[in-house]
Structures are given as structure tokens and as C-alpha cells.
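Okay, here's what each chain looks like letter by letter:
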Amino acid sequence: MTDAARSELDSSGSPSAAIAVRLRARLKALRVDGPLLGRAWCHAWTETVDEALAELWALSPRPGDVTLVAVGGYGRREMAPASDVDLLVVHDDLDPDALDEVARAILHPLWDAGMKLGNAVRSQSQLVSDALAELDTATAVLDGRVVAGLPERFTTEQAELVRRLHTKPKRFLESLSAADDERRAKAGDAAEQLEPDLKNGAGGLRDLQSLRWAAAALTGRSAIEALEPAGFVGTSDRDRFREAEDELLALRVALHIHTGTPGDVLRMEHQQAVAVLIDEVDGATDLDTAAHRALTRHFLAARTIEHAHDRAWRRVRAELARGRFSRRRPSVELSHGLEIVDGTVRLPEDASATAPDLPERLVRALLAGDHVLDRHTAGRLRAVAGQLVVPHPFPSGLRDALRQLLWSGRAILRVTAELDDVDWLVALLPEWAPLRGRPQRNPFHLYALDRHAVHAVAELGRLVQEEVWAKEALADVPDREALALAVLLHDAGKAHGEPHSETGIPVLRSVAARWGLSEDSADWAAGLVRQHLLLPDVATRRDVTDPAEAHAVAEVVADRATLAALWLLSAADGIATGPSAWTTWKASLVATLVTKVDAVLDERDPADLEDGPDATTQDAIEMGPSLGVEEELVREHLLQLPERYASAVSPRAVVRHAGMASPTPGPVEVRTRVTPGEVSADGVRYDELDVIAVDTPGLFANVAGVVALHGGSILEAHAHTRADGTAVDTFTVVLPEHATGSWWVSVEGDLVEAVSGRLAVRARVGRKQAADRRRVAKLEPVETTVSVYEDAAGDTTLVEVHTLDRVGVLYRIAAALAELQLDLVVAKVGTLGHEVVDVFAVRDPAGQTLDADHRAELELAIKSSLEE
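These notes cover the structure that comes with them.

Across the sheet, which stays open at both edges, the four strands sit in the order 5-6-7-8 with mixed pairing between neighbours. Unpaired on one side and paired on the other, strand 5 (332-335) and strand 8 (372-373) mark the two borders of the sheet. Helix 14 (residues 358-367) contacts strand 5, strand 6 (338-341), strand 7 (344-346) and strand 8 of the sheet and is inclined by roughly 25° relative to strand 6.

Glancing now at the packing of helix 21 (residues 480-488) against helix 26 (residues 560-577). Interhelical geometry of helix 21 versus helix 26 gives an angle of 35° and a closest axis separation of 10 Å. With respect to the hand of their crossing, helix 21 and helix 26 are arranged in right-handed fashion. Between helix 21, through Leu483, Ala486 and Val487, and helix 26, the contact on the second element is made entirely by Ala565, Leu568, Leu569 and Ala572. Grouping the constituent residues of the contact of helix 21 with helix 26 by class yields seven nonpolar, no polar and no charged.

Taking 1.5 Å as the rise per residue, helix 11 (residues 237-259) with 23 residues should run 33 Å; its terminal C-alpha atoms sit 33 Å apart, in good agreement. Trailing helix 11 by a residue or two, Gly260 shows a phi angle of about 70°, which is positive.

Glancing now at the pairing of strand 6. On any regular strand, side chains alternate: one points to one face of the sheet, the next to the other face. Of the two faces of strand 6, both are covered, the one formed by Leu338 and Ile340 as well as the one formed by Glu339 and Val341. Of the pairings in the sheet, the one linking strand 5 to strand 6 comprises four bridges and is antiparallel in character. Across the sheet, Leu334 pairs through a bridge with Glu339, a residue of strand 6. Where strand 5 hands over to strand 6, the hairpin turn is made up of two residues, of which His336 adopts a positive phi near 55°. Between strand 6 and strand 7, which pair antiparallel one after the other, the connecting turn spans two residues, and Asp342 there sits at a positive phi close to 50°.

Once that is clear, we can look at the sheet that holds strand 3 (residues 117-123). The strand order across the open sheet built from four strands is 3-2-1-4, with neighbouring strands paired in mixed fashion. The open sheet has two edge strands with one neighbour each: strand 3 and strand 4 (145-148). Strand after strand, the sheet turns through a mean of 30° between neighbouring axes, direction not considered. Here five bridges tie strand 1 (residues 66-70) to strand 2 (residues 85-91), and the two strands are oriented antiparallel to one another. From the neighbouring strand, Ala70 faces strand 2, where its bridge partner is Leu87. Running over the sheet, helix 5 (residues 96-112) touches strand 1, strand 2 and strand 3 and is turned about 160° from strand 3.

The topology assignment puts Thr732 in strand 12 (residues 726-734). The exposure class assigned to Thr732 is buried, which follows from its relative accessible area of 9%. Setting aside chain neighbours within four positions, we find Thr732 in contact with Trp585, Tyr686, Asp687, Ser713, Ile714, Leu715 and Glu716.

Take a negative patch on the surface next. A cluster of acidic residues, Asp95, Asp97, Asp100 and Glu101, forms a negative patch on the protein surface. By the secondary structure assignment, Asp97 is in helix 5. Since its relative accessible area comes to 60%, Asp97 is described here as exposed.

Where helix 25 (residues 547-557) meets helix 27 (residues 584-601), the closest approach of the two axes is 8 Å, and the angle between their N-to-C directions is 70°. In terms of orientation, helix 25 lies roughly perpendicular with respect to helix 27. The two elements helix 25 and helix 27 meet at a crossing, and its hand is right-handed. Contact with helix 25, carried on its side by Ala550, His551, Val553 and Ala554, involves Leu593, Lys596, Val597, Val600 and Leu601 of helix 27 and no other residues of that element.

A few words on the nonpolar core. Of all hydrophobic cores here, the largest spans 102 residues; its most connected members are Leu362, Trp424, Trp432, Leu483, Leu535 and Leu568. With 10 residues, helix 26 is the single largest residue contributor to this core. In contact with Leu568, not counting residues within four places along its chain, are Leu460, Val464, Trp469, Ala470, Ala473, Leu474, Val477 and Leu483. Counting residues in each nonpolar core, the second largest holds 77 residues, with Met79, Leu117, Phe154 and Ala215 among its members.

A few words on the pattern of salt bridges. Summed over the entire model, instances satisfying the criterion amount to 64 salt bridges. A salt bridge links Glu481 to Arg399; its shortest N-O distance comes to 2.7 Å. Pair noted here: Glu481 is in helix 21 and Arg399 is in helix 16 (residues 396-406), with a separation of 82 residues, a long-range link. The same class applies to Glu481 and to Arg399, which are both buried. Across the pair Asp690 and Arg656 runs a salt bridge whose closest N-O atoms are separated by 2.6 Å. One end of the pair, Asp690, is in strand 10 (residues 686-694); the other, Arg656, is in helix 31 (residues 651-660), and 34 residues separate them in sequence.

What counts and what doesn't
- Residues numbered from 1 in each chain as written.
- Predicted model: local features only at pLDDT ≥ 70, side-chain atom pairs only at ≥ 80, totals over all residues.
- Heavy atoms only, no water.
- Pairing = 2+ DSSP bridges.
- Helix = DSSP H or I, 4+ residues; strand = E, 2+ residues; numbered from the N terminus.
- Contact = heavy atoms within 4.5 Å.
- Axes fitted to C-alpha atoms, helices over the stretch in contact; angles between N-to-C directions.
- Left-handed = near helix turned anticlockwise from the far one by under 90°.
- Nonpolar A, V, L, I, M, F, W, Y, C, P; charged D, E, K, R; others polar.
- Expected span 1.5 Å × (residues − 1).
- Buried < 20%, exposed > 50% of the residue type's maximum accessible area, 1.4 Å probe, protein only.
- Patch = residues over 30% accessible without salt bridge, like charges linked within 9 Å, V, L, I, M, F, W, Y side chains within 5 Å.
- Areas by Shrake-Rupley, 256 points an atom, 1.4 Å probe, with all protein chains shown as cover.
- Salt bridge = Lys/Arg side-chain N within 4 Å of Asp/Glu carboxyl O.
- Lys, Arg positive; Asp, Glu negative; His and termini not counted.
- Charge placed at Lys NZ, Arg CZ, Asp CG, Glu CD.
- Parallel < 35°, antiparallel > 145°, perpendicular 65-115°, else oblique.
- Core = buried A, V, L, I, M, F, W, Y, C linked by side-chain atoms within 4.5 Å.

Following this line, the structure appears as C-alpha cells:
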């Protein structure tokens, strides 16, 4: 025994404890100063654990009776720092007491070293039968690697399992395929999502493992390269697989080192730190872009895996359906000079991969059915992508095929993914290169920039096929080709700097020229890109019931065709961005705005519309008696309020308010009523809260504070004051998830207490905010900005606040408004990922807009309140 070993033994008390000490020390050293992150790191850590287990095995009792097998990531030598050590103990019908003794000797020291173990015990005689019955056991055996004991006890059974699977592959492959589909559906797409699952997502590490397992049943050898001669993957894919796997392994190791915990989802708050670990970072600029570079590499790597996995499995499923050993040859159909075999598009061997008309024929063949590229054809096309010469502008046939692609709905996702995988998308559109795999590091966005663009076009096609309003809007658009290109390139400027609605114009014009659009069409499409945020911005940050806003938008839009196109673009963009970007609520606001702008363009007064103030007034007066409120009371109520009140609420709300406000409430009295909304298509219920009380500057703050205390969210507020000083406020509220029927009872009760001065709202919000600080600390920082300007009509001052989303933000802003005794007219509350964008229309106590000094004080008050 060496002096070092003797010293270690003396300090730890036993050989096994000394091994545990060394394991902990070695893992710590690897975390700090190990080999390059990725495959080399995983191998180094695997070898360390192998050595420790070999030593423990030598110390364990009766080692000849069992065999220790590394399985899972440990078996594949892919262990990340926080991975489980997956072990399989294979024994020859050993009795339970003996197995426990072995487990204590081998497994307990690993637990003492702080390692998480995944262990299973199987008798040698049952190993193959268990594996044939259970997919998880089968894949564990296929990945198995003997660490200690008698190798033949396991390898014999492993070989027998592979033989049995290869002889009758159908059940295993069907189970593996189903498990793949379930896993991918749950984890999402690692090749395009902002927070990818590096292991389980589509394009993640598990997709490669799935191919290796499938290879065992298909070829009798558990290795991806075994799939090459059988035609399931291309020979050129081997190096691409290895590079892609290296990239994902590096990210996974770095993620575990950074967080110190297991996990495979690369959350946004960890991305920069993980990127720094795997990348050379030099200076602040590099630091700022490190996460973007790392995510771009990840997206492109995951796409390589995803495409190969999908192509291979398409062929596997086709052969299973046909009968793997039936000797029937697959049918071959022709489509535009290309062969369609088992749902794959194949370029005949004697056909040129650089034929001038091949791009057109390829797009048409891919669109002709649910087709992907044959693996050999994909390799041929990739090899010549750099030689592809496309006339400029596009030939009429190619342009027509691409026009068909743009309006193909969700089929465009598959076809563009295939073209992108073989580098033909950039060959056709060089302007696409800066968008490829470019992340949009904002929780508001689900997808990388290029995938977002294609998803937007897919949604445009789907909308005009499925939605009545979209079909009607499209009927007003004479230049549909220009519209589709504008949707495809609306965010292209993000790859070139902000404001992206301007920096994207040269990109659009370049593509338009390549496409062959006329100058007028290019100008119109460029205008759509420039104004693609107009409708959603006005709808969510302005009072859409104000006729002045409709007139201002109409002046920018100028004609019905542009209005219809912007409406379609806004919806397609919002849906493609993510569920928080295009809610039912937001869609309704945009639709209301479009209706009013359309009236202005038609030289009609928005007030004359069915939901205009005149119609609302008349309907409310007529329906009052049927709802239990006298007609005269409704008239009197309306006479005490400004015209904008009837523009902002429904006839039923007018009647409700008239009844609630009679008799006039006392000084500390508050009357509330909740009107439950229907559950929308996005699964959210938007309830309406009416509040009637004596008007005071702090009323809105109290409502915001109480709703925040109960976990709810205010989306919009309309505040009105009657001539008799009664506040008539309406709030649109989203309840927290899993809220019960008593939620509103608690909110209304606390609101009564708050208005009467018996609830310390400020202190309670402060406590709730303090409890939320740990979560907030993990978020990307957001600079607080306050912008103050006049609205379109010039009769209110707009206050726009950008800040980090956290508990009580709306309450603190409202408290600042109350401190300056400002009259709140309208509040629009928006959350973009973890960023809040709130807009308030206010007046001073005299009902005037704010002067410069007042604006400066307001900005100071809001920022100070948010810093508390």
C-alpha cells in the first residue's frame, strides 16, 4: 500500500470510504479543470467511475456470483456531471441476502460520494425474457457494458437479445417508435425551441440513441453506422452525427456544471453561463453574444439529428407496414421526374443533381404528398449545394412552385426543413443565411428566427383555409404573393439590428428582386414589413374605443388592402410567436381596431357602428327595464359620464353600472360585481370586475394590489368618473391557474377592506414581492424605462412603462399615479415573456394633459416606486 493510500485509509476509516472520497475529489477536479466539455469530459468521468467500481468490486464479497453492468448513459460513456450512475446487477439466482451484501459493498460507497444511482437486479436466466417484454429493459441491455465480474454472463445474453430482436423486430420497433413519438410530443422540438430539451426533445440525444437501438433489430448490430449499408441513413451522415452529438453533449455537461443539478432543459436563465463554459469569450461584446452563438450551433446540430431520425424512421415504418421479410419490393412512383419510394423523394441515379430545373421539380415533388428526401438523395443534394446556380430573377416555373409552397399551410414546415437540411434553402435565398438557427432569447418567442418566419407563413396559409375572418380579409388583398413574402420576411431585420421593421426592408427588397416581384409589389410588401407591429401595438397599448386612434391608424394604413394584409400578418406573426403573444383577448382587440379603422377608410363614423357609443346608449336604455333598472335611471347615469364611456363598455355593462351606482355610494363604500367570461380558445377565462365607489386617486392601486395579492392579473382597465364624483371602473381580469369558485369572494372581500383603510395593501404586496425575489433573480435583467407622450387625440397623456415582470408591478405603478393625484382613463397591461409593457392614459387633477415638469415628476415617481 502506498503512503498516499495509507494516509487516505487512515483519514476515512475504510477502503470503500476512501474510494468515495477520491470520487468526490475527482468529480470536483473535472468540474473545475477537466478535459474539453462534451464527449471527452463524459469519457473521463466514466473512466473514473469505472475505476472506482473495479476497486469496490475487488473489495466486495463473493464477486464471482454477480456481474456488474453499466447501462444507460453510463453504459454509453455519456455521463454528465449530475447524471445518474445506472447499474444492472446480473446474478446467477443468488439469494436476496447475498445480493444485499454485494449492494452494500458496491453501491453504498457511491451514495456516500453523493452520486445518484439507478440500479436494477436481474437474474441471468430471466434477462432476455424480461428485455423482450419491457422496452426499458431491452434498451438498457443493448447499451450494457460489463464493468466487473464475468463478462460472458452478460454478453452472451446481450447477444441473444440482439439475435431475437433481429429475428422478430416488429414488436420492438413498434414499441420504440411509439415511445419516440410520446417523448418528442412531451419534450417539444429541440431544434427550434428557445429552451430546448437537450436529451428528450426532437433532435436531442435520445433520437440518436433511438437509432442505435433500432439498428440492433434491423441489422443485428447496435450502432448507427450499421444502418448505412441497409440504407436507413446515409454514409455522409456519420461525421455530421458525431459533430451534432458532440455539440449537444458539450451543452449538457456545461449545464450540469453550471447548475450542479441534473436536468436536460437549457433554460434561458442558464444559457449565457453555459455558453461561456463551452466557448472562448473575450470582452463584453463576446459575452453578450455567447448565448446566441451557442444556441445557433445547438439548433443546427439538433436539426441534423432530427432530420436523420425522421428519414430513417419513415423507412422503418414503411418496411414494417409492408412486412420486413416479405421480399416485396417497395413501389416506385414518379413525380416531376423524381421517384417517390416509401414516402421519400429520390433522385434517380442517372439524373443530374445540378439540373437547372431541379429546384422547381424538387419543391413540387415534396409538396405532392407527405414526403421527405431519401437519405442518399439528401447526401447528393448537399454535396452540390454550393454549385447550385439559380437564375435571378427566378424562372416562372420555380417562382410558381415557391408561390405554391408559401400558401401550402403547415406543409411548408416540412418542405423548408428538408431544403434547409441539404443547404438548398440558402442556395435559393442567400438572404436566408443570417436567419438560420438564430435564437430569439425572449420567453415571448418559442422558435429560432428562421423557424419563426416559416411558422408564420404556415399560420397564414392555415388561417385563410380555416377562419372566416381571414378568408374575408384575404379577399381584400390583391397581391397575395407580396403578402406571403412580407410574412416570411417580417422579422428578417432582427439578424441585422434594430429597429428590425426598418433593417428588414433591404432584405425584403433583395428577395423581392430575386423573386421577380414588380417594383410596386416590392414597395407594398416593404410597407407591410415596416408596419407589421402597428395593429397589435395600437390594440394593446391604446384605447381602441377612441375614434382618434382609429383615424390615426387609418392615416398610416391608407387603404383597405393594406389594412387586411396587416391584420393577416399580425395574426400569423402572433400565433407563430407563441401562446402568450396571440391570446384570444389580443385577437379581439385587434379585430375591434380593424373594424373601426375600416369604418374610417370607408368614410363612416366609428360611432355609427353596431358597437359604437350611439348604439350602446340606445340599446342600454331599451334593455334597462328588462334587466330590472328603470329607463330614466339608465339615462341619468349616461348623462353624467363622458361619451367615451359608451364607447368602452357594452349595453349590459351600462345597465349594470346604473343599477350599482344607485344610490350614490358612501365615502368608504365600494360596490363590486363580477361577470364571468367564457373560456376562450386558448383556455383562458377573462372575467370582468365592476367597481363602483367614490372616486379617489388610490382606487385603481387598491384594486391592482388586491388582485396581485391573490395571484390574478389585470389585462385592461377603463376608469370613468360621473359628474357626482362616483367612480365607474371596469377591469378585465385573468384568474390564477386552479382558482376555485371562492377566489372572487376573497378578492371582493379584501377590496372592501382596502378601500375602507383596513387592509395594508402596500405592506402585503411588499411581502409577496420579497418572497418572489429568488425566482426573479434568475430572470434576464430588464431595464426599467418610462415614456410619456400625448395620445392621438391630444386629450390624454400616455405613460408607457417597460420593466421586469414581478409581483406587484401594476400596483406600484398605480400607487405612483395616485401619489401625483392623476386621473386614470385607460390602462393596458401586457407581459412579453418576463418583461412588462404597461400603458396608461392619464390626465392631471384639472382634466388636462401633463406639462413637461409634471411628466418628469411622473417618471421619477414610477421608477422610484418600482425600485422599492
